[in-house]
Amino acid sequence: MKFIHTGDLHLDSPFRGLLTMPPALWKKIHAATFAAFKKIVDDAITEQVDFVLIVGDVYDRERQSIAAKEFFTTQCQRLAANQIPVYLLYGNHDYQLVSAGEDLPTNVHVLGNQVSTLRLELANHERVAISGFSYDQRWIEEDVVARYPQRQDDANWHIGMLHGAVKEQRENHYAPFTTAELVAKKYDYWALGHIHKHQLLNEKPPIVYCGDPQGRHQNEDGQHGYYLVESQQGKLVPTFKPAGQVLWQKLTITAPKVVKLNELEEAIVAAVAKQVSPGDFALVALTINGVDHLPARLRHLLANGDVLAHLQKRLLINDGWWIFQIINKTMPNMPTMTDLDQRYWQEAAANVFTTNELLGLSSSLTGENFLATYLASLDPADMKRQVLQLLEQGEVPDDY
Ligand SMILES: [Mn+2]
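Predicted model, so just to flag it, every value in this text is computed and none were measured.

## Looking at the coordination of the manganese ion
Distances from the manganese ion to its protein donors, Asp-8 (OD), His-10 (NE2), Asp-57 (OD) and His-196 (NE2), fall at 2.0 to 2.4 Å. Accessibility expressed as a relative area gives 0% for His-10, which makes it buried.

Set out below in structure tokens:
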């Protein structure tokens, strides 16, 4: 047996907060939730899976756009043409009353609002039982898991589908469960939806969140996809397969040792290009560490967003990535000077930070007694430390 476990398709997600991007790029990103599901359907057909499970949140909104609904129907028809049935339930985003007259292709079997078990027989005559339910409201706070039946003896495989979250101290709005409760049902596989980061909660049997096939914002970074599940020696073994079309990626580089703007931009482009895998299209949040090493002018252009805007203008979609954010960070600890710098610093400091030098520089102030007393009381070593700190922080006057 072989099947696909997916869910949280969130078709037609709005992708808010990416307004500065060129229209062609925006189009690609907006199409990404659709393209990710199409990729899953392509794979289902290529892999000739026995069925596809979709564990809720097919749509991003409870009122679906016509485009999303039409697209989903078309993709299910492609599966139908390849004799692949679909088992789906609705989650907290697309909750609805499930009625018999669903406007979906006949290969799509929707789990109702009460926990129920659907059955199918595979070409090799193995019998599969699939238990689950669809949300009829945004929150399901009662203990729904208790209503899932124990493993059915007449089935070769029993699979649970559940859109929900692990029980916590509070905020249990999404069909709360514990892994122990799920294990106790003695199913062969639990196909979970709702949490968008793909992960295994348990190995035997597999209790698996498939995650959303396409990350929808920068906190859904990294690879997204689905699980291809295959029977091997009486067990169901999930394998993660990427499907995301646009990858949110957090990258970090160290500020390069440069003095000119174009050098800085080249260095950023080269460093990012090296970190994005070929074949991926990445939306990059770039952290630049140690910006305090850059000349004040470049630091200023980074801080006010000029460098980002300039880079965004020249980057093209076919570069394979796009920077949507630059985060500037100073080094947390005092950086070490090179030995040469260190030697000149010490020599210069020995000449400059003396009481005489200090009083000489401030001679115009010493006419006032209280100032003279104060200046004479300053510890040159202390002053040296403070100056070093200011130099390292790279403080510059605003009007430079
Ligand atoms: Mn979801």
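## Things to note about the environment of Lys-28
With respect to the helices and strands, the residue Lys-28 is situated in helix 1 (residues 23-30). Here the alpha-carbon distance between Lys-28 and Pro-295, two residues 267 residues apart in the chain, equals 37 Å.

## Details of the confidence of the model for the protein chain
For the protein chain, per-residue confidence averages 89 on the pLDDT scale, and residues scoring 70 or more make up 93% of the total. For residues 395-400, every residue scores under 50 in pLDDT, and the model assigns this stretch six contacts once sequence neighbours within four places are set aside.

## Regarding the pattern of salt bridges
For the structure shown, the criterion picks out 13 salt bridges. Arg-78 serves as the salt-bridge partner of Asp-42, at 2.6 Å between the closest nitrogen and oxygen. On the criterion of sequence distance, the pair formed by Asp-42 in helix 2 (residues 32-47) and Arg-78 in helix 3 (residues 66-81) is long-range, its members being 36 residues apart. The exposure class assigned to Asp-42 is partly exposed, which follows from its relative accessible area of 25%.

## What to know about the pairing of strand 13 (residues 247-254)
Of the pairings in the sheet, the one linking strand 13 to strand 14 (residues 282-289) comprises eight bridges and is parallel in character. Within strand 14, the position partnered with Leu-251 by the bridge is Leu-286.

## Here we look at the nonpolar core
Generally speaking, soluble globular proteins have nonpolar side chains that are buried together. One finds Ile-268, Leu-283, Leu-286 and Ile-323 to be the most contacted residues of the largest nonpolar core, which totals 38 residues. Those elements that place two or more of their residues in this core are helix 1, strand 13, helix 5 (261-275), strand 14, helix 6 (296-303), helix 7 (306-314) and strand 15 (321-329). For this core, the element with the highest residue contribution is strand 14, accounting for six residues. Here this core gathers at least three residues from each of two domains, domain 1 (2-242) and domain 2 (245-330). Look past the residues within four positions of Leu-283 in its chain and what remains in contact with it is Leu-18, Met-21, Ile-29, Val-246, Leu-247, Trp-248, Gln-249, Trp-322 and Phe-324. Among the nonpolar cores identified, the runner-up in size contains 28 residues, and Tyr-59, Ala-68, Leu-88 and Leu-104 belong to it.

## A word on the sheet that holds strand 8 (residues 189-193)
Read across the open sheet, the six strands follow the order 5-6-7-8-10-9; overall the sheet is mixed. Edge positions in the sheet fall to strand 5 (116-121) and strand 9 (199-202), since each has one partner strand and no second. When the angles between neighbouring strand axes are averaged without regard to direction, this sheet yields 20 degrees. Direction of pairing for strand 9 relative to strand 10 (residues 207-209): antiparallel, over a ladder of three bridges. Looking at the pairing, Asn-202 lines up with Ile-207 of strand 10.

## Some words on helix 6
Among the residues of helix 6, those classed as buried are Leu-298, Arg-299, Leu-301 and Leu-302. All buried residues of helix 6 project into a common sector of 165 degrees when viewed along the axis, lining one side. If you follow the buried residues of helix 6, they end up packed against helix 5, strand 14, helix 7 and strand 15. Immediately beyond the C-terminal end of helix 6, within one or two residues, lies Gly-305, with a positive phi of roughly 90 degrees.

## Focus: the packing of helix 5 against helix 7
Contact geometry for helix 5 and helix 7: axes closest at 11 Å, N-to-C directions at 65 degrees. The chirality of how helix 5 crosses helix 7 is right-handed. Side by side, helix 5 and helix 7 meet where Leu-261, Leu-264, Glu-265, Glu-266, Ile-268 and Val-269 of the first sit next to Val-307, His-310, Leu-311 and Arg-314 of the second. Residue classes in the contact of helix 5 with helix 7 are distributed as six nonpolar, one polar and three charged.

Reading guide: rules and limits
- Residues numbered from 1 in each chain as written.
- Predicted model: local features only at pLDDT ≥ 70, side-chain atom pairs only at ≥ 80, totals over all residues.
- Heavy atoms only, no water.
- Donors = N, O, S within 2.8 Å, 3.2 Å for Na, K, Ca; no water.
- Buried < 20%, exposed > 50% of the residue type's maximum accessible area, 1.4 Å probe, protein only.
- Helix = DSSP H or I, 4+ residues; strand = E, 2+ residues; numbered from the N terminus.
- pLDDT = per-residue confidence, 0-100.
- Contact = heavy atoms within 4.5 Å.
- Salt bridge = Lys/Arg side-chain N within 4 Å of Asp/Glu carboxyl O.
- Pairing = 2+ DSSP bridges.
- Core = buried A, V, L, I, M, F, W, Y, C linked by side-chain atoms within 4.5 Å.
- Domains from an automatic or database assignment.
- Axes fitted to C-alpha atoms, helices over the stretch in contact; angles between N-to-C directions.
- Arc of directions from axis to C-beta.
- Left-handed = near helix turned anticlockwise from the far one by under 90°.
- Nonpolar A, V, L, I, M, F, W, Y, C, P; charged D, E, K, R; others polar.

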